[in-house]
Amino acid sequence: MKVFITGGAGFIGSHLAERLVAAGHQVLVLDDLSTGSIENIDHLIGRKGFDYRIGSVLDAPLVAEMVDRCDITVHLAAAVGVRLIVEQPVHTIHNNVAGTETVLNAAARKRKLVVVASTSEVYGKRNHVPFREDDDLMLGPTIHSRWAYACSKALDEWLALAYMHEKGVPVIVTRFFNTVGPRQTARYGMVLPAFAAQALAGEPITVYGTGEQSRCFGHVEDVVEAVVRLMTTPAAVGQVVNIGNDEEVTINQLAERVRAAAGSRSPIVRIPYDQAYAEGFEDMLRRVPDVSKLERIIGFRPTTSLNEIIADVLEDKRAALAVA
Ligand code: UDP
């Protein structure tokens, strides 16, 4: 099959492209390199079946051309990373909503399948875990820009489902939970690459808030496997599906485990949220996916253990340090 990946030079996108090319599929990537990078796809450039364009998902004629050339579009291009979202809310809202509409509009002409990437952020401040796809969403007030991301992604979900019901475009909405693994940069503030880099450099490991907030970390290869299975499963069409691992860990425990696995003596320091992000920043206390729907539809769910994930991320960071 021919797959068009927006945001294909990003962290998840580049792993998806790699997985598809390895399976003999054709992949077309569009990326504006705002948070993605050429290094992510360097090893794919020149490989049979792989092609890419540097450009924006807001460029309607370009997006239409690429959608037309492919059978399926996986729309991953979006503003990522909580810090970026707090610092650039206008960019976040515009890119996420207008970008998704551009893709859906292009797909509507020939009713081509679109996988729309959403996020566990849409569950917002719910503290009743695990989160199920039909749960109510609980977002914070508009004075806190963090929630603009969740809201823009929720709107993307509504847009996708509306295009399906009104215009007959087959869509699948995937809600990604914290996804980590090799090649994820610490530049946008994501916790695991940040802790791994700090531990290896012997620098303080920066835990924000009390560190008692928890997350579940899915290995990017598991997550990509789930996406590939979903996009080739007819029963997934029209569905909103959580994709994540359900092994829960507090950020304090994560800091300890990364430090131990790295054999590091870094001190673990706590930084208040308003210093780490912005005044009045609101975090989610817990975030655990209910993955029973995913498992029911595709017979698979992410299960790589946190120990293996930490080991993989450390190995990748060590290798990057050795090259630098
Ligand atoms: N976090 C942290 N130190 C860091 C980066 C993040 O303690 O250097 C915390 C962050 O406040 C959140 C959790 O780790 O509670 C996960 O953050 P991340 O940005 O990776 O993903 P989020 O779950 O916020 O989307």
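Structure first, text after, so check above.
Every value quoted in this text rests on a predicted model; they were computed, and no experiment measured them. (Residues numbered from 1 in each chain as written. Predicted model: local features only at pLDDT ≥ 70, side-chain atom pairs only at ≥ 80, totals over all residues. Heavy atoms only, no water.)

The next point concerns the overall build of the protein chain. Looking only at helices and strands, the protein chain features 12 helices and 13 strands. Every one of the 324 residues in the protein chain was classed for burial, and the buried ones make up 56%. Sequence separation of at least 24 residues holds for 79% of the intrachain contacts in the protein chain that already meet a minimum separation of 6. Carbon and sulfur atoms make up 51% of the accessible area of the protein chain, which amounts to about 13700 Å² in all. (Helix = DSSP H or I, 4+ residues; strand = E, 2+ residues; numbered from the N terminus. Buried < 20%, exposed > 50% of the residue type's maximum accessible area, 1.4 Å probe, protein only. Contact = heavy atoms within 4.5 Å. Areas by Shrake-Rupley, 256 points an atom, 1.4 Å probe, with all protein chains shown as cover.)

Before going further, it helps to spend a moment on the pattern of salt bridges. This model, assessed by the stated rule, comprises 22 salt bridges. Between D135 and R126 there is a salt bridge; the shortest N-O distance is 3.8 Å. Its salt-bridge partner being E247, residue R257 comes within 3.8 Å of it at the nearest N-O pair. Taken together, the positions of R257 in helix α9 (residues 251-262) and E247 in the loop between β11 (240-243) and β12 (248-250) put the pair 10 residues apart, joining distant regions of the chain. Taking the relative accessible area as the measure of exposure, E247 reaches 30% and is therefore partly exposed. Salt bridges linked by common partners bring E121, R146, R215, D283 and R287 together as one network. (Salt bridge = Lys/Arg side-chain N within 4 Å of Asp/Glu carboxyl O.)

Now for the site of the ligand. The environment of the ligand is formed by 19 residues, the closest being T206, Y208, R215, D283 and R287. One of the side-chain N or O atoms of N178 is found 2.9 Å from an oxygen atom in the ligand. At 2.8 Å from an oxygen atom of the ligand is found a side-chain nitrogen or oxygen belonging to R287. Contact with the protein chains removes 94% of the 510 Å² of surface that the ligand exposes when unbound. Elements with a minimum of two residues in the shell around the ligand: α7 (191-201) and β8 (205-208). Along the lines of polarity and charge, the residues of the shell around the ligand split into 10 nonpolar, 4 polar and 5 charged. (Near = heavy atom within 4 Å. Polar contact = N/O pair within 3.5 Å; in protein donor to acceptor, adjacent residues only side chain to side chain. Nonpolar A, V, L, I, M, F, W, Y, C, P; charged D, E, K, R; others polar.)

Turning our eyes to something else, we now look at the packing of helix α3 (residues 60-69) against helix α5 (residues 89-108). With their axes 9 Å apart at the nearest point, α3 and α5 run at an angle of 45° to one another. One way to sum up the angle between α3 and α5 is to call them oblique. Where α3 crosses over α5, the handedness of that crossing is right-handed. Counted together, A60, V63, A64 and V67 of α3 and T102, V103, A106 and A107 of α5 form the full contact between these two elements. Grouping the constituent residues of the contact of α3 with α5 by class yields 7 nonpolar, 1 polar and no charged. (Axes fitted to C-alpha atoms, helices over the stretch in contact; angles between N-to-C directions. Parallel < 35°, antiparallel > 145°, perpendicular 65-115°, else oblique. Left-handed = near helix turned anticlockwise from the far one by under 90°.)

Let us look at the nonpolar core. Grouped together as the largest cluster of nonpolar side chains are 37 residues, with contacts concentrated most on I5, L16 and V74. Top element by residues in this core is helix α8 (residues 220-231). It accounts for 8 residues. Contacts of I5, omitting those with residues within four sequence positions, involve G13, L16, A17, L20, V27, L28, V29, L30, V74 and L76. In this structure, F4, V169, V171 and V240 belong to the second largest nonpolar core, which totals 27 residues. (Core = buried A, V, L, I, M, F, W, Y, C linked by side-chain atoms within 4.5 Å.)

Let us now look at helix α12 (residues 306-323). For α12, with 18 residues, the first-to-last C-alpha span of 26 Å sits near the 26 Å given by 1.5 Å per residue. Of all the residues in α12, the buried ones are L306, I309, I310, V313, L314 and K317. Projected down its long axis, α12 shows its buried positions confined to an angular sector of 130°, all on one face. Turned more than 90 degrees off the buried face of α12, the exposed positions are N307, E315, A322 and V323. Looking at the buried residues of α12, the elements they touch are β7 (179-180), α7, β10 (218-219), β12 and α9. (Expected span 1.5 Å × (residues − 1). Arc of directions from axis to C-beta.)

Going through the model one piece at a time under the given rule, you end up with 7 aromatic pairs. With centroids separated by 6.3 Å and ring planes inclined at 25°, the aromatic side chains of F50 and Y52 adopt a geometry described as stacked. Given the relative accessible area of 10%, F50 is considered buried. What links up through ring pairs into an aromatic cluster is the set Y208, Y273, Y277 and F281. The positively charged end of R146 is found above the aromatic ring belonging to W147, 5.7 Å away from the centroid. (Phe/Tyr/Trp six-rings, centres within 6.5 Å; stacked < 30°, edge-to-face > 60°. Lys NZ or Arg CZ within 6 Å of the ring centre and 35° of its normal.)

What follows concerns the pairing of strand β2 (residues 26-31). In terms of burial, β2 is a largely internal element, 5 of the 6 residues being buried. As paired elements, strand β1 (residues 2-6) and β2 share 5 bridges and run parallel to each other. Across the sheet, F4 pairs through a bridge with L28, a residue of β2. Crossover handedness for the path β1 to helix α1 (residues 11-22) to β2: right-handed. Sheet topology places β2 next to strand β3 (residues 50-54); 5 bridges connect them, and they run parallel. Note that in β3 the partner of D31 across the bridge is I54. (Pairing = 2+ DSSP bridges. Right-handed = clockwise from strand over helix to strand, strands pointing away.)

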